[in-house]
Amino acid sequence: MKQIEKLLEWLDRSTCNFMAVATIRRELEEAGFRELKQEDKWELNPGDKYFMVKNDSAIFAFIVGESDLSEGGFRIVSAHSDSPCFKLKPNPEIIGDGGVVSLNVEKYGGGILYTWFDRPLSISGRVLLRGSDPFSPVTKLIDLQRPIATIPHLAIHFNRGVNEGNPLSVQKDMKPVIGYFSREEIEEALAEGGFIKKILAEELGVRGADILDYELNLYPFERADLVGVSEEYFQSARIDDLSMAFAGLEALLCEADTPCDATRILAVFDNEETGSGTKQGAASPVLRDMMERMIAVMGGESEDIYRALARSFMISADDAHAWHPNYNEKYDPTNHPVIGGGPVVKINANCKYMTDGLSAAVFRSLCEQAGVECQYFVNHADVAGGSTLGNISSSQFDIKGVDMGNAIWAMHSARETAGVTDHLDAIKVFRKFFEG
Ligand code: ZN
């Protein structure tokens, strides 16, 4: 399958952080990677291919280097599994006139709210069922894969000024509707713990009473697709940052059988959109612990982690803002990456990105070797801009690295747009990085 078709299919499968990790897990297993659990005893040999999952929502795949870890170091591509969305609160059902049922939701991350109106929406996430003891609930991933909800916008007749700016309240304006029901249907659903628990129970073939908890989010039920006269763009939800996670995955899988002195890692963290401060986020010790553990398991000394890190490099891959033809004034006059112009190095004088001159030079050289053009992103000097995984990781372990990504439009919209050739170019550069 062509790499771009694979990307579109992976995006459609990966409807939330949990489903993204499930997609990556499946691909890794098919390529012969085996799972290592944190609670088990590890044994590692050069060339071994493994992955470790954290919280069902972050995943770390690695191929043990051919040389001593302290000599070979680590080559890491990092990305994130999460995207802005709406999460269901507990007891989410709100019953209105005529039996209309809407859902009480909370905003996750910083999405562009009005892009979520009037679209077919579905629900995915994880459900926790009663297990053998209180500490071992059974986890089930779920993706309804059908349009069961929509957030209807208010008619313009009730708000004539809507096109002049329309502040939105998540609590009031963004509640999705799932349908209208008779009194009997409502009573039946309430007896099973509510409509959502009833739907989950039916889907999973369990009793509503066995559902202890859930983490569910809404997602736009719309296929990823190619757009443009020559199909030069692709559009989907969650391009930030699953396109980078999948470019890293594709590169690792393509190079998995190429012997390499360095230990190669694909690190897909969760919770970047809310500051990375969870046990599965980039501000946690999860990746550093994994690297230290590899060295310990392979008989290294305590000094070896420092030697290894000094020889390591990280590509923190998170999408960048493409120049938008309608808003030239928002962009830096000389450094505004365009869709189709190749991977983007992100630079910030106040060090919001981990990129420095040296790491930018390394990345540029890799691009040259891969035969790929690269571009720079620097904020317009009067715009604050965002930050990403790179710097957060540098606070956990001492490593050189670059912040990069592909240029996309409408970051954090329910449907983002990116470039086909940029995706292929990112895979080429990551392959060069993972080649050894
Ligand atoms: Zn991102």
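Residues numbered from 1 in each chain as written. Predicted model: local features only at pLDDT ≥ 70, side-chain atom pairs only at ≥ 80, totals over all residues. Heavy atoms only, no water.

(A) Here's a closer look at the nonpolar core. Counting 54 residues, the largest nonpolar core has Phe-234, Ile-315, Phe-363 and Phe-430 as the members making the most contacts within it. For this core, the element with the highest residue contribution is helix α7 (residues 239-254), accounting for nine residues. Setting aside anything within four residues of it in sequence, one finds Phe-430 in contact with Val-77, Met-244, Ala-247, Gly-248, Ala-251, Ile-315, Ala-317 and Met-404. Counting residues in each nonpolar core, the second largest holds 34 residues, with Cys-85, Leu-113, Ile-148 and Leu-200 among its members. (Core = buried A, V, L, I, M, F, W, Y, C linked by side-chain atoms within 4.5 Å. Buried < 20%, exposed > 50% of the residue type's maximum accessible area, 1.4 Å probe, protein only. Helix = DSSP H or I, 4+ residues; strand = E, 2+ residues; numbered from the N terminus. Contact = heavy atoms within 4.5 Å.)

(B) Representation of the environment of Leu-266 within the structure. The topology assignment puts Leu-266 in strand β13 (residues 263-269). Overall, Leu-266 belongs to the buried group, its relative accessible area being 2%. Sequence separation of Leu-266 and Val-227 is 39 residues, and the distance between their C-alpha atoms is 29 Å. Ignoring anything within four residues of it in the chain, the contact list for Leu-266 reads Ile-59, Phe-60, Ala-61, Val-77, Ala-245, Gly-248, Leu-249 and Leu-252.

(C) Broad picture of the sheet that holds strand β4 (residues 74-80). Strand order across the open sheet formed by nine strands is β1-β2-β3-β13-β4-β14-β18-β16-β17, with mixed pairing between neighbours. Each of the sheet's edge strands pairs with one partner strand only, and the pair in question is β1 (34-35) and β17 (375-378). Relative to strand β2 (residues 49-54), β1 is paired through two bridges, and the arrangement is parallel. By the bridge assignment, Glu-35 is partnered in β2 with Phe-51. In this fold α7 packs onto β3 (58-63), β4, β13, β14 (313-317) and β18 (400-405), with an angle of close to 150° to the strand it touches most, β4. Of the strands in this sheet, β4, β13, β14 and β18 are in contact with helix α12 (residues 420-434), which crosses β4 at around 150°. (Pairing = 2+ DSSP bridges. Axes fitted to C-alpha atoms, helices over the stretch in contact; angles between N-to-C directions.)

(D) Just unusual backbone geometry, in detail. Residue Asp-241 is bonded to the preceding Asp-240 through a cis peptide linkage, with omega at 10°. Mapped onto the elements of the fold, Asp-241 is located in helix α7. The residue Asp-118 is not glycine, and still its phi comes out positive at about 55°. Relative to the helices and strands, Asp-118 is located in the loop between β6 (100-108) and β7 (121-129). The phi dihedral of Cys-351 is positive, around 60°, even though this residue is not glycine.

(E) Summary view of the domain arrangement of the protein. Assigned domains of the protein: these are domain 1 (2-83 + 237-435) and domain 2 (85-220). The centre of domain 1, based on its C-alpha atoms, is set 32 Å off from the matching centre of domain 2. The interface is formed by 23 residues belonging to domain 1 together with 21 residues belonging to domain 2. Buried surface at the junction of domain 1 and domain 2, both sides included, amounts to about 1,500 Å², of which 55% is carbon and sulfur. Among the residues of domain 1 in contact with domain 2, Thr-15, Phe-18 and Ala-414 are the three that bury the most area, contributing 33% of the side total. (Domains from an automatic or database assignment. Buried area = accessible area lost by both parts, 1.4 Å probe.)

(F) Spatial organisation of the coordination of the zinc ion. Those donors, His-80 (NE2), Asp-240 (OD), Asp-318 (OD) and Asp-318 (OD), are the protein atoms that reach the zinc ion, and they lie 2.0 to 2.8 Å from it. Classification of the site at the zinc ion as irregular follows from its four donor atoms and the range of 51 to 141° in their angles at the metal. Linear spacing of the donor residues for the zinc ion on their chain is H-x159-D-x77-D. With His-80 in strand β4 and Asp-240 in helix α7, this pair connects stretches of sequence that are 160 residues apart. For His-80, a relative accessible area of 0% puts it in the buried group. (Donors = N, O, S within 2.8 Å, 3.2 Å for Na, K, Ca; no water. Tetrahedral: all angles 85-135°; square planar, octahedral: opposite > 155°, others 65-115°.)

(G) Geometry of the packing of aromatic side chains. Here the structure, examined in full by the defined rule, presents nine aromatic pairs. With 6.1 Å between their ring centres and 70° between their planes, Phe-313 and Phe-433 make a pair best called edge-to-face. Of the two residues, Phe-313 is situated in strand β14 and Phe-433 in helix α12; the sequence distance between them amounts to 120 residues. Using a relative accessible area of 8% as the deciding quantity, one classes Phe-313 as buried. Plain terms: the ring middles of Phe-433 and Phe-434 are 5.6 Å apart, the flat faces sit at 40° to each other, and that makes the pair tilted. The residues Phe-433 and Phe-434 share a single accessibility class, namely buried. Within the aromatic cluster, the residues linked to one another by ring pairs are Trp-42, Tyr-50 and Phe-62. When the ring centre of Tyr-108 is taken as origin, the NZ or CZ atom of Lys-87, which lies over that ring, is 4.9 Å away. (Phe/Tyr/Trp six-rings, centres within 6.5 Å; stacked < 30°, edge-to-face > 60°. Lys NZ or Arg CZ within 6 Å of the ring centre and 35° of its normal.)

(H) Fine view of the pattern of salt bridges. Evaluated as defined, the whole model comprises 23 salt bridges. Close ionic contact of Glu-250 with Lys-6 constitutes a salt bridge, the shortest N to O distance being 3.1 Å. Residue Glu-250 is located in helix α7, and its partner Lys-6 is located in helix α1 (residues 3-13); the two are separated by 244 residues in the primary sequence. The shortest N-O distance in the salt bridge between Lys-37 and Glu-35 comes to 3.6 Å. (Salt bridge = Lys/Arg side-chain N within 4 Å of Asp/Glu carboxyl O.)

(I) Just the sheet that holds β6, in detail. Strand order in the open sheet formed by six strands is β8-β7-β10-β5-β6-β9, and the pairing between neighbours is antiparallel. Looking at which strands have only one partner, the edges of the open sheet turn out to be β8 (138-143) and β9 (177-180). Direction aside, neighbouring strands of the sheet carry axes that sit 25° apart on average. Summarising the sheet, β7 and β8 pair through six bridges and their orientation is antiparallel. Directly across from Arg-126, in β8, lies its bridge partner Leu-141. Across the face of the sheet, helix α2 (residues 17-30) comes into contact with β7, β8 and β10 (211-220) while running at roughly 95° to β8.

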